[in-house]
Amino acid sequence: MEFETILKKLTCADCKDDGEKFTVSSRLDVISEMLAESEWNLIAKGNLCHIYSRHQLQADQEIVLISSHVDCVYSQLFLETQDDMLRGTFDNALTNAAVVKMMTDNRLPEGVIVAFTGDEERNSSGAKEVVKYLSEIGCYVRFIVVTDVTNVGWDHGLSFTIENDLNIDLLTAHNIIEHMKKYAGAYGFVHEAMPDETWLYDEYKLPCLTLCHPVGGDMHSDCGSTIRKSSAATYCDALSDLCKITTGDV
């Protein structure tokens with residue numbers, strides 16, 4: 001399925017929660033439908049998270065987690081095309097779409113699991129549920145890639161930013177820097193950025209960073225924000241590469 005088709009379906013599907021459970025789950029339902037014929041299975045369905053993996057998880061298994069929040073604050077949802085731009089309510093349907101695209105295209109290595117989480121806009125309770133679930137199984141979390149949108153880098157035409165890097169060992173940091181050199185000029189780096197799910201994962205001392213897609217305009221406005229069509233493919237490539245680097249599949 002083409003990226004723009006996935007993006008439109010997810011952008012126009014609502015997802016809300018009350019901080020304890022999902023109250024509107026249309027986007028989660030659409031994601032489930034899109035993944036129905038893929039190799040990905042819904043292995044955990046919490047009050048504020050849906051976790052997908054190719055296989056059931058085992059104790060002591062090493063995993064890389066992609067954490068992508070599905071809750072949004074908009075009272076109306078839309079996506080429209082404006083020449084080489086797209087405008088819509090993209091927080092966080094934009095990176096939800098990138099994750100689903102990588103899942104359905106089989107571009108994520110073995111050892112990666114994906115969590116679609118709720119309550120990110122307030123207390124990141126969905127991310128907390130994910131940590132609890134993985135802890136109860138006894139998995140070893142090798143790395144977490146959070147996905148989100150940002151205003152950082154929009155004015156400079158960047159395709160992605162790496163933000164809120166936390167608890168990352170020197171060797172992994174070096175590998176990320178080296179492999180990201182091929183994106184020179186297309187991405188930016190912000191060590192301390194706005195709060196997101198990394199701040200919650202940091203409370204558990206888990207190695208993580210946020211891979212952000214720049215947007216133009218107020219990302220929380222019902223009027224929507226803007227993206228360049230050309231940036232989505234680069235963002236998807238970077239997501240796939242980060243997962244390969246952190247799983248050691250490079």
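Residues numbered from 1 in each chain as written. Predicted model: local features only at pLDDT ≥ 70, side-chain atom pairs only at ≥ 80, totals over all residues. Heavy atoms only, no water.

(A) Structural context of the sheet that holds strand 7 (residues 85–88). Spatially, the three strands line up as an open sheet ordered 6-7-13, and their pairing is antiparallel. Unpaired on one side and paired on the other, strand 6 (79–82) and strand 13 (225–228) mark the two borders of the sheet. Geometrically, the sheet is characterised by an average inter-axis angle of 25° between neighbouring strands, direction not taken into account. When strand 6 meets strand 7, the two strands line up antiparallel, connected through four bridges. Residue pairing in the sheet places Leu79 in a bridge with Gly88 of strand 7. (Pairing = 2+ DSSP bridges. Helix = DSSP H or I, 4+ residues; strand = E, 2+ residues; numbered from the N terminus. Axes fitted to C-alpha atoms, helices over the stretch in contact; angles between N-to-C directions.)

(B) Region of the structure containing helix 2 (residues 26–34). Along helix 2, the positions that sit buried rather than exposed are Arg27, Leu28, Val30, Ile31 and Met34. Here the buried residues of helix 2 occupy an arc of 160° about the axis, which is enough to place them on one side. Turning to helix 2, the residues buried within the fold contact helix 1 (3–11), strand 2 (22–24), strand 4 (49–53), helix 3 (93–104) and strand 8 (112–117). (Buried < 20%, exposed > 50% of the residue type's maximum accessible area, 1.4 Å probe, protein only. Arc of directions from axis to C-beta. Contact = heavy atoms within 4.5 Å.)

(C) Region of the structure containing the sheet that holds strand 8. Spatial strand order, 3-4-8-5-9-12-10-11: eight strands in an open sheet with mixed pairing. Because the sheet does not close on itself, it has two edges, and the strands there are strand 3 (41–45) and strand 11 (187–190). Mean inter-strand twist for the sheet, computed between neighbouring axes without regard to direction, equals 25°. Note that strand 4 and strand 8 share four bridges and pair antiparallel. Bridge pairing in strand 8 places His50 opposite Phe116. Strands in contact with helix 7 (residues 231–247) are strand 5 (62–69), strand 8, strand 9 (140–150), strand 10 (160–166) and strand 12 (208–214); relative to strand 12, the strand with the most contacts, it is inclined by about 170°.

(D) The arrangement of the packing of aromatic side chains in detail. A complete count under the given rule lists three aromatic pairs for this structure. Pairing Tyr52 with Phe116 gives two aromatic rings, centres 6.0 Å apart and planes at 80°, and the pair type is edge-to-face. Of this pair, Tyr52 sits in strand 4 while Phe116 sits in strand 8, and the two are 64 residues apart along the sequence. Pair check on accessibility: Tyr52 and Phe116 agree, each one buried. Arranged with centres 5.3 Å apart and planes meeting at 85°, the rings of Phe160 and Tyr183 form a pair that is edge-to-face. Of the two residues, Phe160 is situated in strand 10 and Tyr183 in the loop between helix 5 (170–179) and strand 11; the sequence distance between them amounts to 23 residues. Its relative accessible area of 0% is what places Phe160 among the buried residues. Residue Tyr183 is classed as buried on the basis of its relative accessible area, which comes to 8%. One aromatic cluster is present, built from ring pairs that chain together Phe160, Tyr183 and Tyr187. In this structure, Arg228 packs its charged tip against the face of Trp154, placed 3.7 Å from the ring centre. (Phe/Tyr/Trp six-rings, centres within 6.5 Å; stacked < 30°, edge-to-face > 60°. Lys NZ or Arg CZ within 6 Å of the ring centre and 35° of its normal.)

(E) Molecular detail of the pairing of strand 4. Among the five residues of strand 4, five are classified as buried, and the element is accordingly described as predominantly covered. Of the two faces of strand 4, both are covered, the one formed by Cys49, Ile51 and Ser53 as well as the one formed by His50 and Tyr52. Strand direction decides the pairing type here: strand 3 and strand 4, joined by four bridges, are antiparallel. Opposite Asn41, over in strand 4, you have Ser53 as the bridge partner. Connecting strand 3 to the next strand, strand 4, in antiparallel fashion are three residues.

(F) Region of the structure containing the pattern of salt bridges. Considering all chains together, one arrives at twelve salt bridges under this definition. As a salt-bridge pair, Asp119 and Arg122 come within 3.2 Å of each other at their nearest N and O atoms. Beyond isolated ion pairs, a larger network of salt bridges with shared partners links Asp17, Asp119 and Arg122. (Salt bridge = Lys/Arg side-chain N within 4 Å of Asp/Glu carboxyl O.)

(G) Region of the structure containing the nonpolar core. Leu7, Leu10, Met103, Leu108, Val114, Phe116 and Leu211 are the most contacted members of the largest nonpolar core, which has 53 residues in total. Ignoring sequence-local partners within four residues, the contact set of Leu7 consists of Leu79, Leu86, Phe90, Ala93, Leu94, Ala97 and Ile227. Leu57, Ile63, Leu166 and Leu200 belong to the second-largest nonpolar core, a separate cluster that totals 23 residues. (Core = buried A, V, L, I, M, F, W, Y, C linked by side-chain atoms within 4.5 Å.)

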